[in-house]
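Single-letter residue listing:
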Amino acid sequence: AELSSLLADVQRTAGASSSLAYEVRLRLLEAESEQGARTDRVEDWRRLANEASADLGPEHKVVGEAALVAAQTLVFSGQAHAAADDARMAHRALSATLGPDHPTTLRALTAVAHGLRAGGDGEGALKAMAEAHTLQQARLGPDHPDTLFQ
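The rules behind each value
Residues numbered from 1 in each chain as written. Predicted model: local features only at pLDDT ≥ 70, side-chain atom pairs only at ≥ 80, totals over all residues. Heavy atoms only, no water. Core = buried A, V, L, I, M, F, W, Y, C linked by side-chain atoms within 4.5 Å. Buried < 20%, exposed > 50% of the residue type's maximum accessible area, 1.4 Å probe, protein only. Helix = DSSP H or I, 4+ residues; strand = E, 2+ residues; numbered from the N terminus. Contact = heavy atoms within 4.5 Å. Salt bridge = Lys/Arg side-chain N within 4 Å of Asp/Glu carboxyl O. Axes fitted to C-alpha atoms, helices over the stretch in contact; angles between N-to-C directions. Parallel < 35°, antiparallel > 145°, perpendicular 65-115°, else oblique. Left-handed = near helix turned anticlockwise from the far one by under 90°. Nonpolar A, V, L, I, M, F, W, Y, C, P; charged D, E, K, R; others polar.

Student: Give me the lowdown on the nonpolar core, citing residues and values where you can.
Tutor: Counting 34 residues, the largest nonpolar core has Trp45, Leu48, Ala66, Ala90, Val112 and Ala128 as the members making the most contacts within it. For this core, the secondary-structure elements that each account for two or more residues are helix 2 (19-32), helix 3 (42-56), helix 4 (61-76), helix 5 (84-98), helix 6 (103-118) and helix 7 (122-140). Ranked by residues supplied to this core, first place goes to helix 4 with 10 residues. In this view, valine 112 contacts Ala87, Arg88, His91 and Ala128; residues no more than four positions away in its chain are not counted. Leu7, Val10, Ala21 and Leu28 belong to the second-largest nonpolar core, a separate cluster that totals five residues.

Student: Describe in detail the pattern of salt bridges, supporting the description with residues and values.
Tutor: Opposite charge on two side chains makes pairing possible when the charged atoms of those side chains draw close. On inspection of all chains with the given rule, the structure shows 15 salt bridges. Across the pair glutamate 32 and arginine 41 runs a salt bridge, and its minimum N-O distance is 3.2 Å. Among the ionic pairs, glutamate 65 bridges to lysine 61, the shortest N-O distance being 2.9 Å. You can see glutamate 65 and its partner lysine 61 sitting in helix 4, four residues apart, about one turn around the helix. Judged by relative accessible area, lysine 61 falls into the partly exposed class, the value being 31%. Among the ionic contacts, a cluster of salt bridges with common partners joins Glu23, Arg27, Glu30, Lys61 and Glu65.

Student: Please give an account of the environment of glutamine 137 that cites residues and values.
Tutor: For glutamine 137, the position within the fold is in helix 7. Taking C-alpha positions, glutamine 137 is 43 Å from serine 5, a pair spaced 132 residues apart along the chain.

Student: Residues and numbers for the packing of helix 4 against helix 6, please.
Tutor: Packing of helix 4 against helix 6 leaves a shortest axis separation of 10 Å and a crossing angle of 45°. Relative to helix 6, helix 4 is oriented oblique. Judged by the twist between their axes, the crossing of helix 4 over helix 6 is left-handed. On helix 6, the residues touching Leu68, Ala71, Gln72 and Val75 of helix 4 are Thr104, Arg107, Ala108, Ala111 and His114. In terms of residue class, the contact of helix 4 with helix 6 is made up of five nonpolar, three polar and one charged.

What follows is the structure, encoded as structure tokens:
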């Protein structure tokens, strides 16, 4: 209820298409969908990503975060084949806003790899996964648990 009230206030003062309004919508959707764990909310994440892209531009952090939740929800629920476009959208936006080696950007790149693999592009999937591993190793080092896990 607090986030809904905040969203109404932000939309009234800053405008419904403001960056701040999209940020609050993102947090509200996270709260409502248990951090994206519900597959029945994927279309809500996609709608948020597409609306934010139209209003804020395709390389905005909110676009990347919303698209990444949609992609990861699909990957984790065994529907990686349906996640490729969301993952690419997330990777593009997050690369532009957070940088190519940011951990969140690397999660998006990994989701791209899962989507490619599920869609039958094994070579593309291996290339994306190798790129993610190389970037992660350069950022965290070869012995970091996240590097070893990937």
